Amino acid sequence: MPDLVVSFMKNNYVLKWVLQRVTALFLIPLSFWFIYNCICFQNYNHQELQIFFSSFFNSFLFLFMMVSMLWHGKLGCETIVQDYVSNFSLRKISKNLINIITIIMLFLVFLAIIKLNIYS
Amino acid sequence: MIENRPLSPHLSIHKKVLTSVFSIFHRITGIGLSVGSILITLWVTLLGLGPKYFFIFEFFSSTFLFKLVLFLWTIGIFYHLFNGVRYLFWTYGIGMELKTVYNSSYIVVILTIVSTCLIWLSAL
């Protein structure tokens, strides 16, 4: 059964197309929120940033934005690889590399946010 | 999916028209922003590791190269955002007439320039 789920997710290009647009919709307000905060961040030191992330609302929005951003980026990069890389094995390696990088980045973001919330 | 299918779109064959140029730039900025999301992850990771490690970010953030990358990231994110909104409208078949497509392209450029300028002016 899990193999069936993995296979469904892996080859379902309609689902990927929909997810690409759903994550894009999420990213519209979240990007504005993040860009606005980026202006404030440049004057913040470590402690002030820690206070910013100690708020559950800020941490949740940042986490939600990063998950949407990384997923949106993964789907977009996969599409580009599919369109421009004709060699089958190179295409497979590239797509695997994109997946690995995305998983590592998601893991790091989750760990950092949890740590910032626990120790604040 | 058919393996070893022909490449699409053919970048070097087609004549560059406004719509294709915007599409190509959407993809280029998309790749750039994906790299940018890795940098944001590294930033929050350093923040989570503590002030001793966050110093590495503070050191790089004071350099000219960092400001340049940040400026290009701002242009990229606004362009990708506004052009992406246009694509979302197209998903529903809205604004696909040739005249509207061209007009919305110009609006994307104007919004990108204005937003980037506003952000950087408010940051100064």
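Residues numbered from 1 in each chain as written. Chains lettered and ligands numbered in written order. Predicted model: local features only at pLDDT ≥ 70, side-chain atom pairs only at ≥ 80, totals over all residues.

1. Remarks on the overall build of chain B
Along the backbone of chain B there are four helices and zero strands. Ordered by position in the sequence, the α and β elements of chain B form the string α-α-α-α. On C-alpha atoms alone, chain B measures out to a radius of gyration of 19 Å, which is more than a quarter above the 14 Å that the 2.2 N^0.38 rule sets for 124 residues. Seen through its principal axes, chain B has C-alpha atoms that stretch 55 × 45 × 25 Å. Expressed as a percentage of the 124 residues in chain B, the buried residues total 19%. Long-range contacts, defined as pairs at least 24 residues apart, comprise 68% of the intrachain contacts of chain B with a sequence gap of at least 6. (Helix = DSSP H or I, 4+ residues; strand = E, 2+ residues; numbered from the N terminus. Rg over C-alpha atoms; globule rule 2.2 N^0.38 Å. Buried ≥ 20, exposed ≤ 12 C-beta atoms within 10 Å, placed from the backbone. Contact = placed C-beta atoms within 7 Å.)

2. Here's the deal with the interface of chain A and chain B
It is common to give the size of an interface as the accessible area that goes away when the parts come together. Taken together, the contact pairs 27 residues of chain A with 28 residues of chain B. Elements represented by at least two residues in the side of chain A that touches chain B include exactly helix H2 (13-41), helix H3 (46-54), helix H4 (56-84) and helix H5 (88-118) of chain A. Residues belonging to the side of chain A that touches chain B are distributed by class as follows: 18 nonpolar, six polar and three charged. (Nonpolar A, V, L, I, M, F, W, Y, C, P; charged D, E, K, R; others polar.)

3. Let's talk about helix H1 (residues 18-49) of chain B
All names here are of chain B. Taking 1.5 Å of rise per residue, 32 residues should cover 46 Å, and H1 covers 46 Å from first to last C-alpha, within 8% of that figure. When H1 is considered as a whole, its buried residues turn out to be Thr 29, Gly 30, Leu 33, Ser 34, Ser 37, Ile 40, Thr 41, Val 44, Leu 46, Leu 47 and Gly 48. Backbone geometry just downstream of H1 places Gly 50 in the positive-phi region, at approximately 120 degrees. (Expected span 1.5 Å × (residues − 1).)

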